[in-house]
Amino acid sequence: MQYLRIEDEINYSKKRYEIRKTIESIFLHEGYIQMEPPTFEDFDRYTYLNKRLTRESMVKVIGGGSEVFILRPDITTSIIKSLIPRWQKDLKLKLFYNSTVYRNQESESVKEIKQMGVEYLGEDSLKADKEVILLALKILNELNDMFILEMSSSKYINGLFNKIDAEENVKKQLKNLIYRKNRYELMSFIEDLNLSKDIYDILANIMDFQGSIEAVEYKIKQYYMNQEMEEALCEIKSLNEVIESEGYKDKIQVDMSMITELDYYDGLIFKGYLPNSYKAIINGGRYDSFTKMFGNKVPAIGFCIDIDELTEMKSKEVD
Amino acid sequence: MDYINIALAKGRLADKAYIMLKKAGLGDCIDPNSRKLIFKDDSKKISFIYVKPSDVVTYVQNGVADLGVAGKDVILESDSDVYEILDLGFGKCKFAVAGLKGEKIYKKDEVLRVATKYPKVSKRFFAEKEQRIKLIKLNGSVELAPLVGLSDVIVDLVETGNTLKVNGLEIIEDMFEVSAKLICNRVSYRFKYDRISKLLDKLKRLEGQCCEDN
């Protein structure tokens, strides 16, 4: 029995380098500029700004004067934090990163997670949405043309939830049930909520609101919609045109019941899947309201690619 | 066409899952008396693996299995990121807090000592009640703990209540009901959506007519 040899490890590293190179050259070709986020962040300030990460999951480092720093746990926050507070009007930036984040994980202590991604800041929403979604499609297609891109607009669920008169923790539970596509428990949960019939009917059927954009439009038009929900549908429809003209129509699955792990998105959200991987390779969306927390509301959209999972998947393909 | 891989839990849920699959016309390749762990149906392109109940979620989350049959108890205990696409209606039982018969007040100590196989479920339950607890994680025979003074109460799954009864324990408080769920990997859900939907429809149609519970 022989375990992994040095050559195996080197080969793996080579594979990863090639993948990063391929993606990087697409980013460069589309006019994105590389940015290296700072490695260290101030612990107190960071936890204040970004509450969704638990304090335990951050890797702490003690400075010379006993100040506590953390190794960057997330790249978008680092980039946004350094640019948005002194944002100049009319500035448009297309940035990419090829980097690593650090988290404490129960089973293996400090974990290095390799990520690449883009952030498109300051550009009028629809134009940037189109550009970024096409970039994601192009990359997925380059990696494996059997991919699927799942998308929605968080405005649909947000608009719906604004009409629900319930406490925050009830809404959180509702979201979690939808996130897990747990129709059975969702049904018994909403039974007790005293909802209006409009809202009840949507929640009871929301997991069927998926498929091609035409199918989804047909389904949701039979139910209640407020302005925000209409906007969501409009956004997706206008993206559908470019997607169709670029020939990616059959790769798209619209799912209006899509809920992301991060709740700072407000608009387009999407996930890219490749066959033989067990989790999403691409995660992205629009996060204008997140920038507002840093002093200026700037149109912002981006996505992140899971390089570790991608490399593993690609090296399986070779075998 | 790719296979659909389904992970089944050995033990409590195995027989009922097998009967259900049989009725849905899917489980023909399974031999419940065999000690084999993998069964393949080449014509229907379905395969089954038998794993420990608490591992079903792990297999599904890592995509080795597309679907899995797991108890809600196991799902709650595992912090998993999978879809729970169907309630299978069997394997019903409930989580409950139980203690020595007749003893209702615990004020010997400043914290309540709780023995359980389900630390996460217990922690969450008592945190909501703002009851401070000391958790004692056990791997079996939990009923013993209050009898020998290891804990004040236990948190466990109760099906008939017989085990509690013969050991002189009783339920102090019902927590919530659990049953068997069909869980699904998030990526498989996308790539095999049509086949999984069809399978779901088949199983839904069976609802109510199989596996009458005790």
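Look above for the structure.
Residues numbered from 1 in each chain as written. Chains lettered and ligands numbered in written order. Predicted model: local features only at pLDDT ≥ 70, side-chain atom pairs only at ≥ 80, totals over all residues. Heavy atoms only, no water.

### Quick look at the overall build of chain B
Next up, step 1: Across its full length, chain B holds eight helices and 11 strands.
Next up, step 2: Over its C-alpha atoms, taken along the principal directions, chain B stretches across nearly 65 × 30 × 30 Å.
Next up, step 3: Sequence separation of 24 or more characterises 69% of the internal contacts of chain B that already satisfy a separation of 6 or more.
Next up, step 4: When the accessible surface of chain B is split by element, carbon and sulfur atoms take 48% of a total near 10,800 Å².
Next up, step 5: Of the side chains in chain B, 37 bear a positive and 32 a negative charge, and the two mean positions are spaced by 2 Å. (Helix = DSSP H or I, 4+ residues; strand = E, 2+ residues; numbered from the N terminus. Contact = heavy atoms within 4.5 Å. Areas by Shrake-Rupley, 256 points an atom, 1.4 Å probe, with all protein chains shown as cover. Lys, Arg positive; Asp, Glu negative; His and termini not counted. Charge placed at Lys NZ, Arg CZ, Asp CG, Glu CD.)

### Structural notes on the environment of A:Tyr223
Residue and element names in this part refer to chain A.
Next up, step 1: Within the secondary structure layout, Tyr-223 lies in the loop between helix H9 (213-220) and helix H10 (227-245).
Next up, step 2: Taking relative accessible area as the criterion, Tyr-223 reaches 23% and is therefore assigned partly exposed.
Next up, step 3: Once the C-alpha coordinates of Tyr-223 and Ile-202 are considered, the two residues, 21 residues apart in sequence, prove to be 6.5 Å apart.
Next up, step 4: Leave out the neighbours within four places in its chain, and Tyr-223 touches Asp-201, Ile-202, Asn-205 and Phe-209. (Buried < 20%, exposed > 50% of the residue type's maximum accessible area, 1.4 Å probe, protein only.)

### With respect to the packing of helix H7 (residues 183-191) of chain A against helix H8 (residues 197-205) of chain A
All names here are of chain A.
Next up, step 1: It is the contact of H7 with H8, at a shortest axis distance of 9 Å, that shows an interaxial angle of 165°. In terms of orientation, H7 and H8 fall into the roughly antiparallel class. Note on packing geometry: the crossing formed by H7 with H8 is right-handed. Between H7 and H8, the residues in contact are Arg-183, Leu-186, Met-187, Ile-190 and Glu-191 and Tyr-200, Leu-203 and Ala-204, respectively.
Next up, step 2: Partitioning the contact of H7 with H8 into residue classes produces six nonpolar, no polar and two charged. (Axes fitted to C-alpha atoms, helices over the stretch in contact; angles between N-to-C directions. Parallel < 35°, antiparallel > 145°, perpendicular 65-115°, else oblique. Left-handed = near helix turned anticlockwise from the far one by under 90°. Nonpolar A, V, L, I, M, F, W, Y, C, P; charged D, E, K, R; others polar.)

### Thoughts on the packing of aromatic side chains
Next up, step 1: The final tally for this structure, using the stated rule, is 18 aromatic pairs over all chains.
Next up, step 2: With a centroid separation of 5.2 Å and an interplanar angle of 75°, the aromatic rings of A:Tyr264 and A:Tyr265 are classed as edge-to-face. The burial state of A:Tyr264 is the same as that of A:Tyr265; both residues are buried.
Next up, step 3: Seen from their ring centres, A:Tyr264 and A:Tyr287 are 5.8 Å apart, and the 55° between their planes marks the pair as tilted. Note that A:Tyr264 is positioned in the loop between strand E9 (252-255) and strand E10 (268-273) and A:Tyr287 in the loop between strand E11 (282-286) and helix H11 (288-292), a separation of 23 residues in sequence. Of the two residues, A:Tyr264 and A:Tyr287, both sit in the buried class.
Next up, step 4: The ring of B:Tyr3 carries B:Lys40 above its face, with NZ or CZ at 5.0 Å from the centroid. (Phe/Tyr/Trp six-rings, centres within 6.5 Å; stacked < 30°, edge-to-face > 60°. Lys NZ or Arg CZ within 6 Å of the ring centre and 35° of its normal.)

### What to know about the pairing of strand E7 (residues 112-116) of chain B
Residues and elements named next belong to chain B.
Next up, step 1: Of all five residues making up E7, four are buried, and the element is well covered by its neighbours.
Next up, step 2: Inspection of the sheet shows E7 paired to strand E8 (residues 133-137) by five bridges, in the parallel sense. Directly across from Val-114, in E8, lies its bridge partner Leu-135.
Next up, step 3: Handedness of the crossover joining E7 and E8 through helix H4 (residues 119-128): right-handed.
Next up, step 4: In this sheet, strand E9 (residues 153-158) lies alongside E7 in parallel orientation, the contact comprising three bridges. (Pairing = 2+ DSSP bridges. Right-handed = clockwise from strand over helix to strand, strands pointing away.)

### Quick notes on a nonpolar patch on the surface
Residues and elements named next belong to chain B.
Next up, step 1: There is a patch of nonpolar side chains on the surface, built from Leu-144, Leu-147, Val-148 and Leu-150 and spanning about 350 Å² of accessible area.
Next up, step 2: Residue placement: Leu-144 occurs in helix H5 (residues 144-147).
Next up, step 3: Overall, the relative accessible area of 46% leaves Leu-144 in the partly exposed class. (Patch = residues over 30% accessible without salt bridge, like charges linked within 9 Å, V, L, I, M, F, W, Y side chains within 5 Å. Salt bridge = Lys/Arg side-chain N within 4 Å of Asp/Glu carboxyl O.)

### Describing the pattern of salt bridges
Next up, step 1: Taken as a whole and judged by the stated rule, the model has 38 salt bridges over all chains.
Next up, step 2: Salt-bridge contacts for A:Asp8 lead to A:Arg5; the nearest nitrogen and oxygen are separated by 3.4 Å.
Next up, step 3: One salt bridge connects A:Asp129 with A:Arg286, and the closest N-O pair in it is separated by 3.0 Å. Note that A:Asp129 is positioned in helix H4 (residues 125-143) and A:Arg286 in strand E11, a separation of 157 residues in sequence.
Next up, step 4: Each member of the salt-bridge network shares a partner with another, and the members are A:Arg180, A:Glu185, B:Lys72, B:Glu84, B:Asp87 and B:Lys181.

### Notes on the sheet that holds strand E3 (residues 46-51) of chain B
Residues and elements named next belong to chain B.
Next up, step 1: Reading across the sheet, the six strands line up as E2-E3-E1-E4-E11-E5 and stay open at both edges, with mixed pairing between neighbours. For this open sheet the edge positions go to strand E2 (38-41) and strand E5 (83-87), each flanked by a neighbour on one side alone. Sheet twist, expressed as the average angle between the axes of neighbouring strands with direction ignored, equals 25°.
Next up, step 2: Sheet analysis places strand E1 (residues 4-9) next to strand E4 (residues 67-71), joined by three bridges and oriented parallel. Residue pairing for E4: Ala-7 is matched across the bridge by Gly-68.

### Some words on the nonpolar core
Next up, step 1: If you look at the biggest cluster of nonpolar residues, it comprises 66 residues, and the most contacted ones within it are A:Phe27, A:Met151, A:Tyr156, A:Phe270, A:Phe303 and A:Ile305.
Next up, step 2: A total of nine residues in this core trace back to one element, the largest contributor, which is H4(A).
Next up, step 3: Setting aside anything within four residues of it in sequence, one finds A:Met151 in contact with A:Ile133, A:Ile236, A:Leu239, A:Ile243, A:Ile252, A:Gln253, A:Val254, A:Asp255, A:Met258, A:Leu268, A:Ile269 and A:Phe270.
Next up, step 4: In terms of nonpolar packing, the next biggest core, distinct from the first, is built from 33 residues, B:Phe48, B:Leu88, B:Leu200 and B:Leu203 among them. (Core = buried A, V, L, I, M, F, W, Y, C linked by side-chain atoms within 4.5 Å.)

### A few points about unusual backbone geometry
Next up, step 1: A positive phi is found at A:Ser66, a non-glycine position, where the angle reads about 65°.
Next up, step 2: For A:Ser66, a relative accessible area of 56% corresponds to the exposed category.
Next up, step 3: Phi at B:Ser141 takes a positive value of approximately 45°, unusual for a residue other than glycine.
Next up, step 4: For B:Ser141, the location among the structural elements is in the loop between E8 and H5.

Geometry only, nothing functional implied.
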